Structures are given as structure tokens and as C-alpha cells.
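For reference, the chains in residue letters:
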Amino acid sequence: MAYEHILFSVADGIARLTLNRPDRLNSFNDRMHEEVRDALGRVRGDGAARVLLLTGAGRGFCAGQDLADRAVAPGTAPVDLGASIERNYKPLVLGLRGLPMPVVCAVNGVAAGAGANIALACDVVIAAKSASFIQAFCRIGLVPDSGGTYFLPRLVGTARALGLALTGDKLPAQQAADWGLIWKCVDDADLPEATEALLAQFASGPTRGLAAIKQAIQGASARTLDQQLDVERDLQRELGFGDDYREGVAAFAAKRAPRFTGR
Ligand code: T3D
């Protein structure tokens, strides 16, 4: 598939997906959703990627749904938003969460509406100081989607989740980091280097183990301690038979850096 609205590449174990409609603050139209789906399928399918980077081109990260596609002309029926979510946003969020490798989101600028929550669906979110997160849905009479009502209370608690969702106020990246909504906020000039350091670490990491960590932590809040201990036992058993565990222990004993293959 030729890409019109995203940039995509895979090299040295790193898949890079850049939302690329900067004049619309990288908001999503149907075509962009199709392209992102295609790219995520390639990341999952070709075995070359060990980490995915999601970021945006230009001054914004993503402003959610392209609202130019949602204007209702007099006498015409509005778009069925439930169908749009079922077709586009739900598979996107589940696709990012379920990818068996770390997903790093570099939030280079404003993340609004679904754009904010797509960022929160990623595993490690690093944002530039000038970036911000806006639950813009209430400004147009909608609820936070793309997992917003799920991620927000889990990450920052009910009071802050409600405040953000009901006011639609802009949350600066530094405050988002202070509240625990994201992993880290860095100076704008440092975002590329900080992102590359994370990508390099994950691309040479024990990919199966990292995928298992993601799986265990994502599901933890829905399980009891007893169930979670069983999950840990089962994952540990599986990983204990893997090449990376053997290599990690050998490298520790030899006092050298491990050479993980991701298997
Ligand atoms: O519909 C469904 O399928 C259901 C799913 C819905 C998911 C959703 O995401 S709903 C929420 C949609 N998003 C928004 O409501 C955010 C709309 N954007 C804004 O509120 C502001 O643009 C920002 C706060 C994000 C940034 O403000 P600012 O002042 O930095 O930039 P700007 O001037 O507003 O935007 C720059 C350009 O991008 C501008 O175009 P222009 O005037 O230069 O030609 C603006 O219209 C365009 N743009 C920004 N966001 C969108 C957009 N165009 C289309 N759709 C957008 N979402």
C-alpha cells in the first residue's frame, strides 16, 4: 500500500510511524486510519521490528478525528460515530496495546481528542515540554474515546480524569508527567535524542520478555493478586525456556553486556 498520510520505515529493529498531515495537525481521516492499520500489520507480521515509534510531523502530534469530515450539511444525515469507532479507533487502540513489543510515543506537540488517548494507549510516552494533552471531546458534545475513559482514571485517578474530561482544559506536558499520565517530559530540543535512546534500548532488548511485561501490567488492574501471581508464574515459566533468559544469565556471570536476539 502506498502511504499518503503517514511516513513508515523499519530499520535496525526499529519501526517508525509518523502521522503526516501537519496542516491538519495530523488529525485522522479514513485514509490515514487505513494506512496506520496497514503499517501496524506490517510491524506485527514481518518479524524485523522490536520496537515501534509513533510520532507526528510538524508542530502537533495529533488532533484526533478530522472534523472537516464531520460537518453535517443541512438535510443530510450525520455520520454514525459508533461505526467509525468500531472500524477505526477501537482496532487502532487494541492494535497498539496488543503489539508484542514496546510502543514508544514521542509527543512532539499538541495531542487532542483521540490524538491524546492514542498516545496514552502506547507503552512509554515521552513528550516535549511545549506539547500538551487536551480531552477536547466535551467541547463538541462527545465523550473521551479511544480508551480515554479507561486510561485516564487508571493513570491519574477519578478526580483528575473527570476534571480533564469535563473541562477540556489543556494539560501541559510537564504537568502530565508530574501527574503520572505519561513517562517523561523533556525540553523540546532533547526530544529526538531522548527518544532515540529509548528506541535503541528496546531494539536490542529481550523482546519476548518486554512483550510479556507489557501483557502482565496491562491486565493487572482487572485481576486479583492471586490471579496476577499465576500470570507471572506462567510468563516466567515460558520465558525461562527462552534464548534471551539464557543469554542474560550468561552475560551477568561473564560481567559483559547481553546480546539479546528477542527470542
Ligand atoms: O468522529 C468520529 O469518528 C468519532 C471519533 C472522534 C474522535 C475525536 O478525536 S473527536 C475530537 C476531535 N478533535 C478536536 O476536537 C480538536 C480540534 N482541534 C483543536 O481544538 C485545536 O486545533 C487544537 C487545540 C488541537 C490546536 O489549536 P491551535 O490553535 O494550536 O491550532 P489551530 O489553529 O486550531 O489548528 C491548526 C490547523 O489545523 C487549523 O487549520 P487552518 O485554520 O490553519 O486551515 C485547524 O482547523 C486544523 N485542525 C486542527 N484540529 C483539527 C483540524 N482540522 C480538522 N480536524 C481537526 N481535528
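For the structure, check the block above.
Here the structure is a predicted model, which is why all the values come from computation and not from measurement.

Chemist: Would you mind going over the site of the ligand in detail, with residue names and values included?
Modeler: Lining the immediate environment of the ligand, one finds 23 residues, of which Gln-65, Leu-67, Arg-70, Ser-84 and Ala-114 sit closest. Arg-70 is positioned with one of its side-chain polar atoms (N or O) 2.7 Å from an oxygen atom of the ligand. For the ligand, an oxygen atom lies 2.9 Å from a polar atom in the backbone of Ala-114. Relative to its free-state accessible area of 1,000 Å², the ligand is covered by the protein chains to the extent of 68%. Counting residues per element, the shell around the ligand draws most heavily on helix 2 (residues 81-98), which supplies three residues. The class makeup of the residues in the shell around the ligand is 11 nonpolar, five polar and seven charged.

Chemist: Which residues make up the packing of aromatic side chains, and what values go with them?
Modeler: Going through the model one piece at a time under the given rule, you end up with three aromatic pairs. Seen in terms of ring centroids, Phe-28 and Tyr-89 are 6.1 Å apart; in terms of plane orientation they differ by 65°. Their pairing is edge-to-face. One end of the pair, Phe-28, is in the loop between strand 2 (14-19) and helix 1 (30-45); the other, Tyr-89, is in helix 2, with 61 residues separating them in the sequence. Ring plane angle 90° and centroid distance 5.5 Å describe the contact between Tyr-150 and Phe-151, whose orientation is recorded as edge-to-face. Judged by relative accessible area, Tyr-150 falls into the partly exposed class, the value being 33%. Stacked on the ring of Tyr-150, the Lys or Arg Arg-154 has its end atom at 3.6 Å from the ring centre.

Rules used throughout
Residues numbered from 1 in each chain as written. Predicted model: local features only at pLDDT ≥ 70, side-chain atom pairs only at ≥ 80, totals over all residues. Heavy atoms only, no water. Near = heavy atom within 4 Å. Polar contact = N/O pair within 3.5 Å; in protein donor to acceptor, adjacent residues only side chain to side chain. Areas by Shrake-Rupley, 256 points an atom, 1.4 Å probe, with all protein chains shown as cover. Helix = DSSP H or I, 4+ residues; strand = E, 2+ residues; numbered from the N terminus. Nonpolar A, V, L, I, M, F, W, Y, C, P; charged D, E, K, R; others polar. Phe/Tyr/Trp six-rings, centres within 6.5 Å; stacked < 30°, edge-to-face > 60°. Buried < 20%, exposed > 50% of the residue type's maximum accessible area, 1.4 Å probe, protein only. Lys NZ or Arg CZ within 6 Å of the ring centre and 35° of its normal.

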